[in-house]
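As a plain string of letters, each chain reads:
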Amino acid sequence: MKFGKQLEEYELPEWKGYYLPYKLLKRKLEDLSARTDTPRSQGSHSGRVGGSALEGEEAYTEADWLRTVEEEAMRIGDFVDRGIHGLEQQLKDLEKMIEGLQSGRHIEESIDENAPTDEEASFLELRVLQAVGRVSEGVQRLRLFAELNHAALYKILKKHDKQLVSKEGLSEAFPRLVKATRLNETGRFDALDRDLKKLSSASSKTEDIDASPEVARLIAGLGRTGVVGLTVQPASHRSELVLSFFLGSSVALFLAIGVLLCLPEKSPKTFSEAYFLTPIPVFRVVFSFLLILWCMGAVAKICDQSDVNHMFILNVDPRCRVTPEFFFARAATLTTLWILIFGMYVVDYKWKILPTVWAREGYNKRASFHFVLYPVLLLLLTIVGSLAPSTICRQRYKLAVLRSVKRTALAPLFAVDFADNMVGDVMTSIAKPLEDVPAAVCYLLSHHPQEEELVERFVTSGDTCSDTTHRWVVPLLAGMPFFFRAGQCVRRYRDTKECRHLWNLGKYLCSLLVVIVSRMDNTAMLVSVSTVATVYAFLWDVGLDWGLGARELMPGNSAEARNVDGESPKLSQKNGLRQRHFPRKVYWLCSLVDLVARSTWVFTLMPTSLVTGNIVIRVILVSVMSSVEIVRRSMWAVLRIEYEQLSNASGFRALLWVPSKLNTAPERRPSKARFAQAKGLDGEGGNFPQLISLFEEALNAVHCIDACLISRQSPRT
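From a predicted model like this one, the values you see are computed outputs, not experimental measurements. (Residues numbered from 1 in each chain as written. Predicted model: local features only at pLDDT ≥ 70, side-chain atom pairs only at ≥ 80, totals over all residues. Heavy atoms only, no water.)

Quick notes on the overall build of the protein
If you tally the helices and strands in the protein, you get 25 helices and two strands. Here the protein, with 717 residues, has 48% of them falling under the buried criterion. The contacts of the protein with a sequence gap of at least 6 include a subset with a gap of at least 24, amounting to 77%. Put simply, the protein shows about 35400 Å² of open surface, and 62% of that area lies on carbon and sulfur atoms. (Helix = DSSP H or I, 4+ residues; strand = E, 2+ residues; numbered from the N terminus. Buried < 20%, exposed > 50% of the residue type's maximum accessible area, 1.4 Å probe, protein only. Contact = heavy atoms within 4.5 Å. Areas by Shrake-Rupley, 256 points an atom, 1.4 Å probe, with all protein chains shown as cover.)

Here you go:
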């Protein structure tokens, strides 16, 4: 295998672009070699032609090529040095935490004040051991990075000597660069391994055991890290390929179902759109649940790739081995069943594949009892697939989620931690899917085949429920999540005495007001209340939940850079700015998406009959809006967890430090696209500042209010 292919195979995806640009240097070297050999091989007759053809490239010489190699080698050496420095800083923090655990001092100050002390103290020790494993993984990754670049530097300089018939590469440049970059000093990694082994044996769960961090993790029930030895496990790559294939196939199948829906049906006289759509609430409830599974996997995947330790922030049992792949696998299996069963229902109803049953008792001759079997079968398979025992997602983890939901529903009676806070926010985003639950129950418990009265109810209100259900049950389900979340705000204010929780309470009361006003016949009031609720929630999302202000969104600052010097994750001593995990353009995109999705979210709290009278459009509108809100909440969750990790914004954790995989990420090499982007944003003729000035003023106002509310509060440590 050629070395270029081998280098690509062993590159870590998250560090792609930081390695020695072997192929680019090889291409430049081949150009230099061709320029040197052409006059010699073709003689004086072709020398003039070759000289004119390569006239523009004569400026790039062998000295320039060697200078480029030296610059890249120094950049790589700086990457390794910063990585080792970051790992050493994490080891120092871990040593302090282990000393505190062994002496029994400050344990209660280092854990979640709202969680059970005994359980959290045990979890803290496991988290320390887990953090040791993450640092060990970082050491292995960095060692692999250094060795790959060491080999790449040797190979490219050897190719230089071979193609240019020189000895300068391996005899002079290679020893000098290796010494300057210290790529051959494996003792630095060995020292880190010894310190990690010492820390692993200091835990009470692995006390007096001479074992590596990997063995210590296995003894404590924490599983293995993602890197074994010096090679990257290929399972993750295979799972990504399988996931990509499935997503592509699912999109194709959804398009095929769309084509089936558009094709002309058999016997148009007996075909009824309303009858055909009556089981849609059941299909939509299942689809919303599957979308939540997909989004949970996506949130976990993005957090893993962006070094956001969501498991630590959400106070998940460190022994839990539920990965994004678990959510993707369950969601993929159930999505396949959804597509299959819904497709069978479409084909059966439109083209009458199976004979009708009890058609005389139904809406018309096409009505049949067996149509209800499709949604019933899908619902049963979804329940079984979700509750099926698993060696990865054990029953105690599922029960922990249910206990969190119970604490959220009884928020004034229970202290609120960050996980419960997230559960409450997620529940507010499934208000519309919750409204589908009574509609699905009404359909399943109604007469089958559907009678004319039930079909007319569906045409009028979008489901087969009675007026009493619409008047009391549906508004109650739509408002309950916001009531629960308001209760959490009240409990947080009681525990912390911070006025910001009262302002947060006002946000959810505005949402409750939308639910109430939407049931009244007053369009002007509905528009006014909805506008206030949308702007209120949007500014709170961006300014307080995500912690985005002018420093993070405006060009000309380094707030988007990662922390590379082992400093506090909250502030950088260089510029005093919070170090974020994503580029600035990601925050801008998420802010715009949040604003647009928030605007559609308001419609999820209203009866769809207020928007349109067409039953097909109503079904599509409800499905799209519910899905958009679930996706928006997933996007929100990633940035919310990221900001909580960086700054402990809401004060849920007494422990600010969060274990990281590898605290290093130097700036990438400047690219033409980046220079063009900077020119477009900062150029004299751009209108960018004018376009965002109003948005910046609104964010500044939110931050000023927040600063005033907490100015008298003592800072957390």
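Describing the pattern of salt bridges
Evaluated as defined, the whole model comprises 24 salt bridges. The salt bridge partner of Arg598 is Asp541, with a shortest N-O separation of 2.8 Å. Of the two residues, Arg598 sits in helix α22 (residues 584–601) while Asp541 sits in helix α20 (residues 523–545), which places them 57 residues apart along the sequence. Neither Arg598 nor Asp541 differs from the other in exposure class; each is buried. What you see here is one network of salt bridges that share partners, running through Asp541, Asp594, Arg598, Glu629 and Arg632. (Salt bridge = Lys/Arg side-chain N within 4 Å of Asp/Glu carboxyl O.)

Some points on the nonpolar core
Core analysis: the biggest nonpolar cluster contains 49 residues, and Trp15, Trp65, Val80, Leu142, Phe145, Leu153 and Leu157 have the highest contact counts within it. Breaking this core down by element, the ones donating at least two residues are α1 (3–10), α2 (22–53), α3 (62–103), α4 (117–163), α5 (168–181) and α6 (187–201). If you tally residues by element for this core, the top one is α4, at 15 residues. Aside from chain neighbours lying at most four places away, what touches Trp65 is Leu25, Lys28, Leu29, Leu32, Tyr60, Ile156, Leu157 and His160. (Core = buried A, V, L, I, M, F, W, Y, C linked by side-chain atoms within 4.5 Å.)

What to know about a nonpolar patch on the surface
A grouping of Leu513, Ile516, Met520 and Met525 is seen on the molecular surface, where their side chains present a nonpolar patch of about 360 Å² in accessible area. Structurally, Ile516 is set in helix α19 (residues 500–518). On the basis of relative accessible area, Ile516 is assigned to the exposed category, the value being 51%. (Patch = residues over 30% accessible without salt bridge, like charges linked within 9 Å, V, L, I, M, F, W, Y side chains within 5 Å.)

A short note on the packing of α20 against helix α23 (residues 615–647)
At their nearest, the axes of α20 and α23 sit 10 Å apart, and the two run at 25° to each other. Taken together, the axis directions place α20 and α23 in an arrangement best described as roughly parallel. Residue-level inspection shows Asp541, Leu544 and Asp545 of α20 in contact with α23, the latter providing Arg632, Trp636, Leu639, Arg640 and Tyr643. A breakdown of the residues in the contact of α20 with α23 according to their chemical character gives four nonpolar, no polar and four charged. (Axes fitted to C-alpha atoms, helices over the stretch in contact; angles between N-to-C directions. Parallel < 35°, antiparallel > 145°, perpendicular 65-115°, else oblique. Nonpolar A, V, L, I, M, F, W, Y, C, P; charged D, E, K, R; others polar.)

A short note on the packing of aromatic side chains
For any two aromatic rings, the description comes down to two numbers: the centre-to-centre distance and the angle of the planes. Under the defined criterion, the tally for this structure stands at 31 aromatic pairs. For the pair Phe283 and Trp338, a centre-to-centre distance of 6.3 Å together with 85° between the ring planes defines the contact as edge-to-face. Taken together, the residues span a long stretch of sequence, with Phe283 in helix α10 (residues 280–305) and Trp338 in helix α12 (residues 324–351) at a distance of 55 residues. Judged by its relative accessible area of 9%, Trp338 is buried. With a centroid separation of 5.5 Å and 55° between ring planes, the pair formed by Phe287 and Trp338 is classed as tilted. (Phe/Tyr/Trp six-rings, centres within 6.5 Å; stacked < 30°, edge-to-face > 60°.)

Description of the state of the cysteines
Counted according to the given criterion, the structure contains one disulfide. For Cys442, the disulfide goes to Cys465, at an S-S distance of 2.4 Å. Looking down the S-S bond of the Cys442 and Cys465 bridge, the torsion is 110°, so its handedness is right-handed. Highlighted residues: Cys442 in helix α16 (residues 431–445) and Cys465 in the loop between α17 (452–461) and α18 (467–496), separated in sequence by 23 residues. The exposure classification of Cys442 matches that of Cys465, with both residues buried. (Disulfide = S-S within 2.5 Å.)

So, the environment of Ala152
Here Ala152 is to be found in helix α4. Sequence separation of Ala152 and Gly4 is 148 residues, and the distance between their C-alpha atoms is 8.5 Å. Sequence-distant contacts of Ala152, that is, excluding residues within four places in its chain, are made with Phe3, Leu7, Leu20 and Tyr22.

A short note on α16
Its 15 residues give α16 an end-to-end C-alpha distance of 22 Å, which sits within 8% of 21 Å, the value for a rise of 1.5 Å per residue. Along α16, the positions that sit buried rather than exposed are Ala431, Lys432, Pro433, Glu435, Asp436, Pro438, Ala439, Ala440, Cys442 and Tyr443. In the core, the buried residues of α16 are packed alongside α10, α13 (373–387), α15 (418–429), α18 and α23. (Expected span 1.5 Å × (residues − 1).)

Brief notes about the confidence of the model for the protein
For the protein, per-residue confidence averages 79 on the pLDDT scale, and residues scoring 70 or more make up 74% of the total. The least confident element of the protein, judged by mean pLDDT, is helix α24 (residues 672–682) at 37; the most confident is α13 at 95. A low-confidence stretch, residues 663–692 (pLDDT under 50), is modelled with 35 contacts involving residues beyond four sequence positions or located in other chains. (pLDDT = per-residue confidence, 0-100.)

Section: α5
Residue pairs three or four apart in sequence face the same way in an α-helix, which turns once every 3.6 residues. Its 14 residues give α5 an end-to-end C-alpha distance of 18 Å, which sits within 8% of 20 Å, the value for a rise of 1.5 Å per residue. Restricting attention to buried positions, one finds in α5 the residues Gly169, Ala173, Phe174, Leu177, Val178 and Thr181. Arg182, located one to two residues past α5, shows a positive phi value of around 60°.

Describing a negative patch on the surface
A cluster of acidic side chains, namely Glu88, Glu95, Glu99 and Asp195, defines a negative patch on the protein surface. With three residues, α3 is the largest single contributor of residues to the negative patch. For Glu99, the position within the fold is in helix α3. (Lys, Arg positive; Asp, Glu negative; His and termini not counted. Charge placed at Lys NZ, Arg CZ, Asp CG, Glu CD.)

Some points on the packing of α19 against α20
In the contact formed by α19 and α20, the axes pass within 9 Å of each other and the chain directions differ by 150°. One element, α19, and the other, α20, form an angle in the roughly antiparallel class. The interaxial crossing formed by α19 with α20 has left-handed handedness. Across the interface between the two elements, Arg500, Trp503, Asn504, Gly506, Lys507, Cys510, Leu513, Val514, Val517 and Ser518 from α19 touch Met525, Leu526, Val529, Ser530, Val532, Ala533, Tyr536, Ala537, Trp540, Leu544 and Asp545 from α20. (Left-handed = near helix turned anticlockwise from the far one by under 90°.)

Description of the environment of Ser166
Counting through the fold element by element, Ser166 comes out in the loop between α4 and α5. Not counting residues up to four positions away in its chain, the partners in contact with Ser166 are Glu62, His160 and Asp161. Separated by 3.0 Å, the side chain of Ser166 and the backbone nitrogen of Glu168 make a polar contact. (Polar contact = N/O pair within 3.5 Å; in protein donor to acceptor, adjacent residues only side chain to side chain.)

Observations concerning unusual backbone geometry
Between His448 and the following residue, Pro449, the backbone shows a cis peptide bond with an omega angle of 0°. Relative to the helices and strands, Pro449 is located in the loop between α16 and α17. A positive phi is found at Arg182, a non-glycine position, where the angle reads about 60°. Residue position: Arg182 is located in the loop between α5 and α6.

What to know about the side chain of Asp64
Of note, Asp64 is situated in helix α3. A polar side-chain atom of Asp64 sits 3.1 Å from the main-chain amide nitrogen of Thr61. Among the polar contacts listed, one links the side chain of Asp64 to the side chain of Arg67, at a separation of 2.6 Å.

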